[in-house]
Amino acid sequence: MLDADYIKRNIRTVPDWPEKGVQFRDITPLLQNPKTLRVLIDLFVHRYMGQDIDLVAGIDARGFILGAIVAYELNLGFVPIRKKGKLPFTTVEEQYELEYGSATVELHADACKPGDRVLIIDDLIATGGTMMAGKKLVEKLGATVVEGAAIVDLPELGGSRRLREAGLALHTLVDFGGH
Ligand code: AMP
């Protein structure tokens, strides 16, 4: 797909960041350039406009940027899924394993309600742990995840496969090999 190539060419790879061996796929050039930002947002909006969705949930932190713009364009509201300790009101939380240690994400207890149909957005799927935790949070509140969406998938890490096996519909725009 032409647009996906255009998106991929404008993602910057930063080797050995934040630690040796990691190829960091930096999406900030996509946000900085007004043309790529528009194509990027339009790719998501085109997919989800007219669909039965009540709310967009964005994952800390780059999912906030994308998710909020997509929500606005779809005429929907936006809720943040944040790292533990950042949300002020009553929350539900979900812990998940990282390569070393664990992480916890939270969602406000009134962010969505039973029956709501939620689209979750993040920038990238690596092991899939973050997106999986987001799905569980939304489901804890009785809502349904319509789809998980991200710009980048790293298929060799197996996250997208695991998410789909867990029953999550997943949509990503571009793949990168390796970690
Ligand atoms: P995971 O939970 O392993 O799927 O990791 C996904 C989260 O970590 C996303 O919120 C990404 O922003 C971040 N992330 C993990 N690996 C990378 C990478 N190679 N480049 C950029 N971001 C990454």
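How each quantity is defined
- Residues numbered from 1 in each chain as written.
- Predicted model: local features only at pLDDT ≥ 70, side-chain atom pairs only at ≥ 80, totals over all residues.
- Heavy atoms only, no water.
- Near = heavy atom within 4 Å.
- Polar contact = N/O pair within 3.5 Å; in protein donor to acceptor, adjacent residues only side chain to side chain.
- Areas by Shrake-Rupley, 256 points an atom, 1.4 Å probe, with all protein chains shown as cover.
- Helix = DSSP H or I, 4+ residues; strand = E, 2+ residues; numbered from the N terminus.
- Phe/Tyr/Trp six-rings, centres within 6.5 Å; stacked < 30°, edge-to-face > 60°.
- Buried < 20%, exposed > 50% of the residue type's maximum accessible area, 1.4 Å probe, protein only.
- Contact = heavy atoms within 4.5 Å.
- Expected span 1.5 Å × (residues − 1).
- Pairing = 2+ DSSP bridges.
- Right-handed = clockwise from strand over helix to strand, strands pointing away.

Asks: Looking at this model, I keep getting lost on the site of the ligand. Mind explaining?
Replies: Near the ligand you find 14 residues, and of these Arg62, Asp123, Thr127, Gly128 and Thr130 are the closest. Separating an oxygen atom of the ligand from a side-chain N or O atom of arginine 62 is a distance of 2.7 Å. The contact in question runs from an oxygen atom of the ligand to an N or O atom on the side chain of aspartate 122, over 2.8 Å. Protein burial of the ligand: of its 490 Å² of free accessible surface, 83% is covered by the chains. Among the secondary structure elements, those contributing two or more residues to the shell around the ligand are strand E2 (23–26), strand E7 (117–125) and helix H5 (129–140). The biggest single contributor to the shell around the ligand is E7, with four residues.

Asks: Can you help me understand the packing of aromatic side chains in this one?
Replies: By convention here, two paired aromatic rings are described through the distance between centres and the angle between planes. Using the criterion set out here, one finds two aromatic pairs in the structure. Each ring, one from phenylalanine 64 and one from phenylalanine 78, has its centre 6.3 Å from the other, and the planes form 85 degrees; the classification is edge-to-face. You can see phenylalanine 64 sitting in helix H4 (residues 62–73) and its partner phenylalanine 78 sitting in strand E4 (residues 77–83), a full 14 residues away along the chain. Accessibility expressed as a relative area gives 27% for phenylalanine 78, which makes it partly exposed.

Asks: Explain the environment of aspartate 153 here, please?
Replies: Within the secondary structure, aspartate 153 sits in strand E8 (residues 144–153). By relative accessible area, aspartate 153 is classed as buried at 4%. With 24 residues separating them along the chain, aspartate 153 and glycine 177 place their C-alpha atoms 8.8 Å apart. Those residues in contact with aspartate 153, other than ones at most four positions away along the chain, are Ile125, Ser160, Thr172, Val174, Asp175 and Phe176. For aspartate 153, the side chain forms a polar contact with the side chain of serine 160, separated by 2.8 Å.

Asks: Sorry, what's going on with the environment of arginine 62 here?
Replies: The topology assignment puts arginine 62 in helix H4. Overall, arginine 62 belongs to the partly exposed group, its relative accessible area being 32%. Between the alpha carbons of arginine 62 and leucine 124 there is a distance of 9.0 Å; along the sequence they are 62 residues apart. When neighbours within four sequence positions are excluded, arginine 62 is seen to be in contact with Phe24, Ile27 and Asp123.

Asks: Help me understand H5, please; the structure alone is not making it clear to me.
Replies: An α-helical turn contains 3.6 residues, so a residue and the one three or four places further along point in the same direction. For H5, built from 12 residues, the straight-helix expectation of 16 Å at 1.5 Å per residue is met to within 8% by its first-to-last C-alpha distance of 16 Å. Those residues of H5 lying buried are Gly129, Met131, Met132, Ala133, Gly134, Lys135, Leu137 and Val138. A positive backbone phi angle near 85 degrees is found at glycine 142, which sits one or two residues after H5.

Asks: What should I look at first to understand the pairing of E8 in this one?
Replies: For a regular strand, the rule is simple: side chains alternate between the two faces of the sheet. For E8, the buried fraction is high: nine of the 10 residues fall into the buried class. In terms of strand pairing, E7 meets E8 through eight bridges, oriented parallel. For isoleucine 120, the partnering residue across the bridge sits in E8 and is glycine 148. Crossover handedness for the path E7 to H5 to E8: right-handed. Pairing analysis gives five bridges linking E8 to strand E9 (residues 170–175), with the strands arranged parallel. Counted as the bridge partner of alanine 149 is histidine 171 from E9. The parallel pair E8 and E9, bridged by helix H6 (residues 159–165), forms a crossover whose chirality is right-handed.

These values are about where atoms sit, not about what they do.
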